[in-house]
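Remarks on the overall topology
Next come the chains, spelled out residue by residue.
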Amino acid sequence: CIENGIQPYLLDTQYRMHPAIRQWPSIKFYKNQLRDGPNIEKKVVPFVKSHKNDPRLGPYTFFDVYHGNEKFVEGKTFINA
């Protein structure tokens with residue numbers, strides 16, 4: 001309950017992430033309440049499955065960029081340079 005009496009409302013449906021990516025924040029931050037929108041099974045999952053022969057194109061990939069660096073753009077955010 002918020003001090004001003006307004007009850008929070010959880011926006012529990014996501015429409016962009018592969019379920020494998022959504023799973024961790026759902027468990028860690030939202031008591032496993034996040035759900036996938038109807039477009040996920042129709043568009044996102046088939047796209048990832050279509051690239052199953054290339055392990056670099058799974059739902060997520062981590063790259064160790066040893067010589068990479070970031071720049072801060074004033075008033076914006078960090079960018080890869």
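For the structure itself, consult the block above.
This text gives an overview of the structure that appears in the document. Bear in mind that the values here come from a model prediction, so they are computed numbers and not experimental data. (Residues numbered from 1 in each chain as written. Predicted model: local features only at pLDDT ≥ 70, side-chain atom pairs only at ≥ 80, totals over all residues. Heavy atoms only, no water.)

Describing the overall build of the chain
Rules: Think of it this way: any DSSP run of H or I at least four residues long counts as a helix, any run of E at least two long counts as a strand, and we number them from the N terminus. Two things to know: the radius of gyration comes from C-alpha atoms, and the globule rule equals 2.2 Å times the number of residues to the power 0.38. In this scheme, a residue with accessible area under 20% of its type's maximum is buried, one over 50% is exposed, and one in between is partly exposed, where area comes from a 1.4 Å probe on protein chains only. The criterion used for residue contact is that any of the two residues' heavy atoms lie within 4.5 Å. The protein chains shown are the only cover counted for residues, whose accessible areas, like all others here, come from Shrake-Rupley with a 1.4 Å probe. Under this rule, positive means Lys or Arg and negative means Asp or Glu; His and the chain ends count for nothing. To locate a charge, take atom NZ for lysine, CZ for arginine, CG for aspartate or CD for glutamate.
Looking only at helices and strands, one finds two helices and four strands in the chain. Helices (α) and strands (β) of the chain occur, in sequence order from the N terminus, as β-α-β-α-β-β. Compactness check: the chain gives a C-alpha radius of gyration of 18 Å against a globular reference of 12 Å for 81 residues, more than 25% above the reference. Overall, the C-alpha framework of the chain stretches about 50 × 40 × 20 Å when taken along its three principal axes. Scored against the burial criterion, the 81 residues of the chain give a buried share of 15%. Within the chain, counting contacts between residues at least 6 apart in sequence, those at least 24 apart form 26% of the total. Accessible area for the chain stands at about 7,700 Å²; split by element, carbon and sulfur atoms hold 56% of it. Within the chain, the 8 negative side-chain charges are centred at a point lying 8 Å from the centre of the 12 positive side-chain charges.

Digging into helix α2 (residues 38-49)
Using the following cut-off: A helix is expected to reach a length of 1.5 Å times the quantity of its residues less one. In this description, the arc belongs to the directions extending from the helix axis to the C-beta atoms.
Taking 1.5 Å per residue, twelve residues should reach 16 Å; α2 reaches 17 Å between its end C-alpha atoms and fits that length. Taken as a whole, α2 has its buried residues at I40, V44, V45 and V48. Along α2, the residues classed as buried sweep out an arc of 95 degrees about the axis, all on the same side. Opposite its buried face, α2 presents the exposed residues P38, K42, K43 and F47, each directed more than 90 degrees away. Of the surrounding secondary structure, the elements contacted by the buried residues of α2 are β1 (13-14), α1 (19-30) and β2 (35-36).

What about the packing of aromatic side chains?
The condition that has to hold: The criterion for an aromatic pair is that two Phe, Tyr or Trp rings (for Trp, the six-membered ring) have centres within 6.5 Å, with stacked assigned to planes under 30 degrees apart, edge-to-face to planes over 60 apart and tilted to the rest.
For the structure on display, the rule yields one aromatic pair. Look at W24 and F29: their rings are 5.5 Å apart centre to centre, the planes differ by 85 degrees, and that puts the pair in the edge-to-face class. For the pair W24 and F29, a shared accessibility class is recorded, and that class is exposed.

Remarks on the pattern of salt bridges
Spelled out, the test is: Salt bridge criterion: a side-chain nitrogen from Lys or Arg within 4 Å of a carboxyl oxygen from Asp or Glu.
For the structure shown, the criterion picks out one salt bridge. Between R22 and D36 there is a salt bridge, and its shortest N-O distance comes to 2.9 Å. Within this pair, whereas R22 is found in helix α1, its partner D36 is found in strand β2, the two being separated by 14 residues in sequence. The buried category is assigned to R22, whose relative accessible area is 12%. In this structure D36 comes out as partly exposed when scored by relative accessible area, which is 25%.

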